[in-house]
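Single-letter residue listing:
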Amino acid sequence: MKRKTNETTKSKKRNDRLPLVGLFIVELLALLLIFIIGTRNARSDSIYRMRDIVNYIGDQCILYDHSSYEESVKSLIRISEKTQTFRWLSLYGFDTVDEDLIKLFAEDQRMTGIILTNDETGENLFYCEDGRTADDWMPIIKNAASASSVQNKCYTDRIIEGGYCYDYATIERADHKGIVLCYFKQKASFATGTDISIRTLLSGYDFAINGTVVVTDGVNVIGSNDETLNGVSVFDCSLVQKARDIQNFGDLIYVQDDGIPYCAMRGKGRGYYIYVFYPMETAYVSRSRLMAYSVCLGIFLFVSVFLLQQRQEKKRRMQE
């Protein structure tokens, strides 16, 4: 009889544990479901935020390119007007044209250099503040001479080399057979203004993602909200190198740099490449909070059910 009572007691204890075991299993399944939903929502939110940044920076690149183009046109018009003025003065305003006169006019008009060729004598007169000579410009002068089929036609162009921008204009001489070339030299970043504008934009804009935004021209980093990356070659930026494998612009991939996992996205705005890196710890913070709240709620429910069972068990024993 005693043995049968013990068996009945053990059976009751097992039956009392079933709700707890069932609740534990349900909570585990619920946590798994919450984890999956939280991951999906956090990923979707990250994609939305990062695409918004890529599109915004892309639009700014286009605006800056338009602004840069307008400034380029204005600069070329100015150098063209100065070149035509010099040509007119060389015919009607100067008694003699020599290198002293060329230097005086160039300095007065704030030009970097003026070159005069004379096909009759083969003598070239020039003044180049930046240390160049007529020989350095001879390929362009020869092209201009062969293209000068229309008299008084002024040709202008811009070349960028060695980090500098050269706006120049060429026209046939009026006093002798030859070419007049005038040019203005400045740093390429100042000439276009794009690099500085984008760099200023990124350093002053709050992206609210605690991440890194990088804009490159395919060779160098021309702007980033991380000041240490500005001007760095893309081949020396490990984060950019890992994200260059993104085939489709706007896709999200996961990369790791210095042991830190990131969500990465690549975009393009005109001739610029835009990279956004979002630390996964930040990207999935909403999921982490949701999981923490869910675990706390699960523990609270489990403890509550356990205490309720203990209370009921105590009452049953007192009744026996």
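Residues numbered from 1 in each chain as written. Predicted model: local features only at pLDDT ≥ 70, side-chain atom pairs only at ≥ 80, totals over all residues. Heavy atoms only, no water.

**Comments concerning the overall build of the protein chain**
This is how it is decided: Every helix listed is a DSSP run of H or I at least four residues long, and every strand listed is a run of E at least two residues long, numbered separately from the N terminus. Classification of residues uses two cut-offs on accessible area relative to the type maximum, computed with a 1.4 Å probe and protein chains only: under 20% is buried, over 50% is exposed, and between them is partly exposed. Surface accessibility in these figures is a Shrake-Rupley result with a 1.4 Å probe; residues are shielded only by whichever protein chains are displayed.
Looking only at helices and strands, the protein chain has 8 helices and 10 strands in total. Within the protein chain, buried positions represent 38% of all 320 residues. Carbon and sulfur atoms form 53% of the exposed surface of the protein chain, whose accessible area is close to 19300 Å².

**A look at the nonpolar core**
Stated formally: The definition of a nonpolar core used throughout is a set of buried Ala, Val, Leu, Ile, Met, Phe, Trp, Tyr and Cys residues joined through side-chain atoms within 4.5 Å. Contacts were defined at the residue level, with two residues in contact if any of their heavy atoms lie within 4.5 Å.
Met50, Ile57, Val215, Leu252, Cys263 and Met265 are the most contacted members of the largest nonpolar core, which has 19 residues in total. Those elements that place two or more of their residues in this core are α1 (2–92), β6 (212–216), β9 (260–269) and β10 (272–279). Sorting elements by how many residues they give to this core places α1 first, with 7 residues. Among residues more than four places away in sequence, those in contact with Met265 are Ile47, Met50, Arg51, Val54, Ile246, Gly250, Asp251, Leu252, Ile274, Tyr275 and Val276. Among the nonpolar cores identified, the runner-up in size contains 18 residues, and Leu89, Met111, Leu116 and Cys154 belong to it.

**Notes on the sheet that holds strand β7 (residues 221–224)**
Counted only if it meets this: Each pair of strands is called paired provided DSSP finds at least two bridges between the two strands. An axis is simply a line fitted to the C-alpha atoms; with a helix, the fit covers only the stretch in contact. Between two such axes, the angle follows the N-to-C directions and lies from 0 to 180 degrees.
An order of β7-β6-β10-β9-β8 is seen for the 5 strands of this open sheet, with the pairing classed as antiparallel. At either end of the open sheet lies a strand with only one pairing partner, and these are β7 and β8 (252–257). Mean inter-strand twist for the sheet, computed between neighbouring axes without regard to direction, equals 30 degrees.

**A look at the pairing of β6**
Across the 5 residues that make up β6, a large majority, 5, are buried. Burial of the side chains of β6 extends over both faces: Thr212, Val214 and Thr216 are buried on one face and Val213 and Val215 on the other. The pairing of β6 with β10 spans 5 bridges and is antiparallel. Across the sheet, the residue bridging to Thr212 is Phe277, located in β10.

**So, the packing of aromatic side chains**
As a reminder of what qualifies: A pair of Phe, Tyr and Trp rings is counted when the ring centres sit within 6.5 Å of each other, with Trp represented by its six-membered ring. The angle between the planes then sorts it: under 30 degrees is stacked, over 60 is edge-to-face, the rest tilted. A positively charged side chain is recorded as over a ring if its NZ (Lys) or CZ (Arg) lies within 6 Å of the ring centre. The angle to the ring normal must also be within 35 degrees.
Applying the stated criterion to the full structure yields 8 aromatic pairs. For the pair Phe249 and Tyr273, a centre-to-centre distance of 6.5 Å together with 40 degrees between the ring planes defines the contact as tilted. Note that Phe249 is positioned in the loop between α6 (238–243) and β8 and Tyr273 in strand β10, a separation of 24 residues in sequence. Residue classification places Tyr273 among the partly exposed residues on the basis of a relative accessible area of 21%. An aromatic cluster is built from Trp137, Tyr166, Tyr168 and Tyr183, whose rings are joined through pairwise contacts. Positioned over the ring face of Tyr166 is Arg132, at 4.5 Å from the centre of the ring. Here the guanidinium or amino end of Lys185 rests over the ring plane of Tyr164, the centre of that ring lying 4.3 Å away.

**Some details on the side chain of Ser46**
As for its placement among the helices and strands, Ser46 is situated in helix α1. With residues near it in sequence (within four places) discarded, Ser46 still touches Leu252, Tyr278 and Ala283.

**A short note on the side chain of Arg173**
Tracing the backbone shows Arg173 in the loop between β4 (164–172) and β5 (179–187). Classification of Arg173 by relative accessible area gives buried; the value is 10%. Setting aside its immediate chain neighbours within four residues, Arg173 contacts Arg87, Leu116, Thr117, Asn118, Gly178, Ile179 and Val180.

**Considering the confidence of the model for the protein chain**
What counts is decided by this rule: pLDDT is defined as a per-residue confidence score from the predictor, taking values between 0 and 100.
Here the protein chain shows a mean pLDDT of 78. Residues at 70 or above account for 82%. With pLDDT under 50 throughout, residues 1–8 is counted as low confidence; its partners more than four residues away or in other chains account for 0 contacts.

**Describing a negative patch on the surface**
Here is the rule we go by: A patch is a set of surface residues, each over 30% in relative accessible area and not in a salt bridge, joined within 9 Å for like charges and within 5 Å for the nonpolar side chains Val, Leu, Ile, Met, Phe, Trp and Tyr. Basic side-chain nitrogens of Lys or Arg form a salt bridge, by our definition, when they fall within 4 Å of a carboxyl oxygen of Asp or Glu. Charge assignment: positive for Lys and Arg, negative for Asp and Glu; neither His nor the chain ends contribute. Positions of charges follow a simple convention, taking NZ of Lys, CZ of Arg, CG of Asp or CD of Glu.
Taken together, the side chains of Asp98, Glu99, Asp100 and Glu123 present a region of like negative charge at the surface. With respect to the helices and strands, the residue Asp98 is situated in the loop between α1 and α2 (99–108). Asp98 gets classed as partly exposed once you look at its relative accessible area, which sits at 33%.

**Quick notes on the sheet that holds β5**
Reading across the sheet, the 5 strands line up as β2-β1-β5-β4-β3 and stay open at both edges, with antiparallel pairing between neighbours. Since the sheet does not close on itself, it has two edges, and those belong to β2 (124–128) and β3 (155–161), each with one partner. When the angles between neighbouring strand axes are averaged without regard to direction, this sheet yields 15 degrees. Across 7 bridges, the pairing between β3 and β4 is antiparallel. Residue pairing for β4: Asp157 is matched across the bridge by Tyr168. Packed on one face of the sheet, α2 meets β1 (113–117) and β2 and runs near 35 degrees to β2.

**Observations concerning the pattern of salt bridges**
Under the criterion given, the structure shown has 5 salt bridges. Of the charged contacts, one joins Asp45 and Arg49 as a salt bridge, the two residues approaching to 2.9 Å between their closest N and O atoms. You can see Asp45 and its partner Arg49 sitting in helix α1, 4 residues apart, about one turn around the helix. Residue classification places Asp45 among the partly exposed positions, given a relative accessible area of 34%. Judged by relative accessible area, Arg49 falls into the partly exposed class, the value being 32%. Between Asp167 and Arg158 there is a salt bridge, with its nearest N and O atoms 2.6 Å apart. Across this residue pair, the class does not change: Asp167 and Arg158 are buried.

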